[in-house]
Amino acid sequence: MMMTTRTVGDIMTRELLTLDQSATLKDAHDLMREKSIRHIPVVDPLTGKLMGVLTQKRMIATIMSLLSDYGVSALERRERQCRVVEIIDPAFESVDEQAPLTDAVAFFLKNKHGCLTIVDENQCLIGIVTSSDFVRLCAKLLASQLSE
């Protein structure tokens, strides 16, 4: 079997759901719930540059902290007051789309993140690779191997 999938660009998702720095925790919470996603890149709307990533884990930890500090009755109001740029991970690792899949594998094994952001030479977000993308790739490879 000849594998033609070699770079992160071959498997990355290009149609992205993102937020900008004006978005609130409530916006992120709603987007994650409605679209069943676990990672939201935060992008500068003027430049397209990646500012960081809000993970579901970080969002849940922030919501739990708000619940603990202010109670259920104040949660939605507090979510609307918290901006995503206050809680994103700005040091999130990124690669370019020509990075080999082995780099992405090493990233996922080394980090506890479920996504890897893909940027161009100007640090503008162009895609994302998630652990789910790797499971789909694995399923595709296994299916082609079984059909040989």
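Residues numbered from 1 in each chain as written. Predicted model: local features only at pLDDT ≥ 70, side-chain atom pairs only at ≥ 80, totals over all residues. Heavy atoms only, no water.

## Considering the packing of aromatic side chains
To be explicit about the condition: Only Phe, Tyr and Trp rings take part, Trp by its six-membered ring, and two of them pair if their centres are within 6.5 Å. Stacked means planes under 30 degrees apart, edge-to-face means over 60, and tilted covers everything else. Throughout this description, buried means an accessible area under 20% of the type-specific maximum (1.4 Å probe, protein chains only), exposed means over 50%, and partly exposed covers the range between. Under the DSSP-based scheme used, a helix requires at least four consecutive residues in state H or I and a strand at least two consecutive residues in state E, with every element numbered from the N terminus. Comment: the charge-over-ring label is applied if NZ (Lys) or CZ (Arg) is within 6 Å of the ring centre and within 35 degrees of the ring normal.
Across all of its chains, the model carries two aromatic pairs by this definition. With centroids separated by 5.4 Å and ring planes inclined at 75°, the aromatic side chains of Phe107 and Phe108 adopt a geometry described as edge-to-face. The pair formed by Phe107 and Phe108 is uniform in burial state, with each residue classed as buried. Ring geometry for Phe108 and Phe134: centres 5.5 Å apart, planes at 75°, overall edge-to-face. A residue pair is termed long-range when its members are at least 10 positions apart, and Phe108 in helix α5 (residues 101-110) and Phe134 in helix α6 (residues 131-146) qualify at 26 residues. Both residues of the pair, Phe108 and Phe134, count as buried. Three or more aromatic residues joined by ring pairs make a cluster, and in this case those are Phe107, Phe108 and Phe134. Directly above the aromatic system of Tyr70 lies the positively charged group of Arg78, at a separation of 3.6 Å from the ring centroid.

## Thoughts on the confidence of the model for the protein
Rule in force here: The predictor's confidence in any single residue is recorded as pLDDT, a number from 0 to 100.
Across the protein, the average pLDDT comes to 90, with 96% of residues at or above 70. At the low end of the mean pLDDT range in the protein sits α6, at 84; at the high end sits helix α2 (residues 25-35), at 96.

## Some remarks on the packing of α5 against α6
The line we're drawing: Axis lines are fitted through C-alpha atoms, for helices just across the contact stretch, and the angle between N-to-C directions can take any value from 0 to 180 degrees. Any angle from 65 to 115 degrees is called roughly perpendicular, while one under 35 is roughly parallel, one over 145 is roughly antiparallel, and all others are oblique. By the definition used in this description, the sense in which the near helix is turned from the far one sets the handedness, with an anticlockwise turn below a right angle giving left-handed and a clockwise turn giving right-handed. Should any heavy atoms of two residues lie within 4.5 Å, those residues are considered in contact. Note that Gly is not counted as nonpolar here; it falls among the polar residues with everything else outside the nonpolar set of Ala, Val, Leu, Ile, Met, Phe, Trp, Tyr, Cys and Pro and the charged set of Asp, Glu, Lys and Arg.
α6 packs onto α5 with a crossing angle of 125° between their chain directions and a minimal axis gap of 11 Å. Compared by their axis directions, α5 and α6 come out oblique. In terms of crossing hand, the pair formed by α5 and α6 is left-handed. Each of Leu101, Ala104, Val105 and Phe108 in α5 lies in contact with α6, whose residues at this interface are Ser131, Phe134 and Leu137. Split into classes, the residues belonging to the contact of α5 with α6 amount to six nonpolar, one polar and no charged.

## A look at the packing of α2 against helix α3 (residues 56-70)
One can describe the packing of α2 onto α3 by two numbers: an axis separation of 11 Å at closest approach and a directional angle of 125°. It follows that α2 is oblique to α3 by the angle criterion. Considering only the axes of α2 and α3, their crossing is left-handed. Judged by residue contacts, Leu25, Ala28, His29 and Met32 of α2 engage Gln56, Met59, Thr62, Ile63 and Leu66 from α3. In terms of residue class, the contact of α2 with α3 is made up of six nonpolar, three polar and no charged.

## Some remarks on the pairing of strand β1 (residues 39-43)
The two faces of a sheet get side chains in turn, since along a regular strand they alternate between them. Heads up, the condition is: Should DSSP find at least two bridges between two strands, the strands are regarded as paired.
Most of β1 sits out of view: five of its five residues are buried. Burial along β1 is two-sided: His39, Pro41 and Val43 and Ile40 and Val42, pointing in opposite directions, are all buried. Bridging between β1 and strand β2 (residues 50-55) involves five bridges; their strand directions are antiparallel. Each residue of the ladder has a partner; that of Ile40, found in β2, is Leu54. Hairpin geometry of β1 and β2 is characterised by an intervening segment of six residues between the two adjacent antiparallel strands and by a positive phi of about 80° at Gly48.

## A look at the pattern of salt bridges
Note the threshold: The rule for a salt bridge is simple: a side-chain nitrogen of Lys or Arg has to be within 4 Å of a carboxyl oxygen of Asp or Glu.
Applying the stated criterion to the full structure yields six salt bridges. In this structure, the salt-bridge partner of Glu97 is Arg14, at a minimum N-O distance of 2.9 Å. With a gap of 83 residues between them, Glu97 in the loop between β3 (94-95) and α5 and Arg14 in the loop between α1 (8-11) and α2 connect regions that are remote in the sequence. Arg14 gets classed as partly exposed once you look at its relative accessible area, which sits at 48%. When salt bridges with common partners are traced through the structure, they connect Lys26, Asp30 and Arg33 into a single cluster.

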